[in-house]
Amino acid sequence: MKLAIASDQPATAALLAEIAHLCAAHGAQWHPQLQVEVNEGAMRLLAPPETTGALISLPVELLLPIEAAQWSGSADALQLLQPPPAATAIQRELLQLHVELYNSTGKLHWWSSQHPARLVDGSANVAAALAPLKPGHGAKAERSAAEGFLATRSFSWRSDLEKDHRQPVLMPLIDLLNHHHQGAPFRISDGAMRIKAAQAGSRECFAHYGNRRDVLDLALHYGHCDHSTPFAHSAPLEITVEGVGTIRVEHQGQRAPLHPFDPPRVTLEPDGLRLSHLCCHQEHPERVQTMLKLALQGSLKRSGHDAIGARQLAQKGLNAIGEANLRLLDQLAAAAQSSLHPGAATLAAAAHRQALIIQAVLGA
């Protein structure tokens, strides 16, 4: 089964053709009109408008484990020193081809020199501005450039043989799908990873990378400002609002909602209100607005306010949460814009996009 490839780089086209040939020889299938486009190192998958049904089916044996692989310390080019011990022959061959593909398109060099997260790592000013919004960012164990880059390309998978352990894997061909909020989710069933065609109004086919990451998270992990994502997580906050009391929004941490519509746990406290998390969804602002107003009114009535006064003060509390978030996002955007790092514009744009969502929902 041949895959159509349009590339401005002959070497990249040859690598993609070899990857597709090996995948097809081991049971992979894709839509007959699927096309790969490569332009100045950027790769994407295209199909005729309004394509429906299955886009790619990839046997799980072709998912490429990268856990326990050994890499060189270069920040410019990937070099696989030792493949994972458990990798099969076909997985080792495909993994090496992916190394060559990423090198031919300059992926590791871009990650090392232009990714917004590298700006955070190298600028104390930007890191300090980000910390109140995303506590713990960058706190993971130190990784090599190769490991940091590959974390942005991998999928966490738990095989039937290792049900208690998830491992990162690369996804041949599926790896070329960019993210869009209306993209297709990854699905594994009957021994294959399958993804449906999802085009979001264009010829490009998209995947959906999951509901946990908001605009700022996506910029920090994948390196682009995603304008399709309609939700933004509140920063962890503790603010005192005159007449309302203290409002606390906890850090999501490992308790991040599986879906942005998941409501927070609300705790009424002697001096105010505590929320387990807060997610603002631009397309459904009424959900957060109603929940917050009811919670704040309950707290205020318990403090002796009548219904009318509680409603007025609840709106004040809702706006205060929004204003606190906007101040932090403005500080991050300003810190990023003061840098000459190539990733500064992306990080600032993500902060502005995040602010617009929160402003639309919380009316700040």
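Our subject is the structure that appears above.
Residues numbered from 1 in each chain as written. Predicted model: local features only at pLDDT ≥ 70, side-chain atom pairs only at ≥ 80, totals over all residues. Heavy atoms only, no water.

### Regarding the overall build of the protein
Thinking step 1. Looking only at helices and strands, one finds 10 helices and 20 strands in the protein.
Thinking step 2. Over its C-alpha trace the protein gives a radius of gyration of 23 Å, about what one expects of a compact globule, namely 21 Å for 364 residues.
Thinking step 3. In terms of overall dimensions, the protein has a C-alpha envelope of 75 × 45 × 40 Å along the principal axes.
Thinking step 4. Across the 364 residues of the protein, 51% fall into the buried class.
Thinking step 5. Pairs at least 24 apart in sequence give 68% of the contacts found in the protein among residues at least 6 apart.
Thinking step 6. Carbon and sulfur atoms provide 50% of the accessible area of the protein, an area that totals close to 17000 Å². (Helix = DSSP H or I, 4+ residues; strand = E, 2+ residues; numbered from the N terminus. Rg over C-alpha atoms; globule rule 2.2 N^0.38 Å. Buried < 20%, exposed > 50% of the residue type's maximum accessible area, 1.4 Å probe, protein only. Contact = heavy atoms within 4.5 Å. Areas by Shrake-Rupley, 256 points an atom, 1.4 Å probe, with all protein chains shown as cover.)

### Considering helix α10 (residues 344-362)
Thinking step 1. Taking 1.5 Å per residue, 19 residues should reach 27 Å; α10 reaches 27 Å between its end C-alpha atoms and fits that length.
Thinking step 2. Within α10, burial applies to A344, L347, A348, A350, A351, R353, Q354, A355, I357, I358, V361 and L362.
Thinking step 3. Positive phi appears at G363, one or two residues downstream of α10, with a value of about 65 degrees. (Expected span 1.5 Å × (residues − 1).)

### Considerations on the state of the cysteines
Thinking step 1. Within the structure shown, the criterion is met by zero disulfides.
Thinking step 2. Of all cysteine sulfurs, the one in C279 lies closest to C225, which takes part in no disulfide; the gap is 16 Å. (Disulfide = S-S within 2.5 Å.)

### Structural notes on the nonpolar core
Thinking step 1. By size, the foremost hydrophobic cluster in this structure holds 56 residues, and its most contacted members are I56, W71, L94, I174 and I195.
Thinking step 2. Once you skip the residues sitting within four places of it in the chain, W71 turns out to touch L78, Q79, L80, L81, L95, V99, A146, E147 and L150.
Thinking step 3. Among the nonpolar cores identified, the runner-up in size contains 53 residues, and C225, V244, A324 and L328 belong to it. (Core = buried A, V, L, I, M, F, W, Y, C linked by side-chain atoms within 4.5 Å.)

### Structural notes on the pattern of salt bridges
Thinking step 1. This structure, assessed with the given rule, holds 11 salt bridges.
Thinking step 2. Across the pair D121 and R118 runs a salt bridge whose closest N-O atoms are separated by 2.9 Å. A residue pair is termed a helical-turn pair when its members lie 3 or 4 positions apart in one helix, as D121 and R118 do in helix α4 (residues 116-122) at three residues.
Thinking step 3. One connected set of salt bridges, linked through shared partners, spans E238, R248, E250, E269, D271 and R274. (Salt bridge = Lys/Arg side-chain N within 4 Å of Asp/Glu carboxyl O.)

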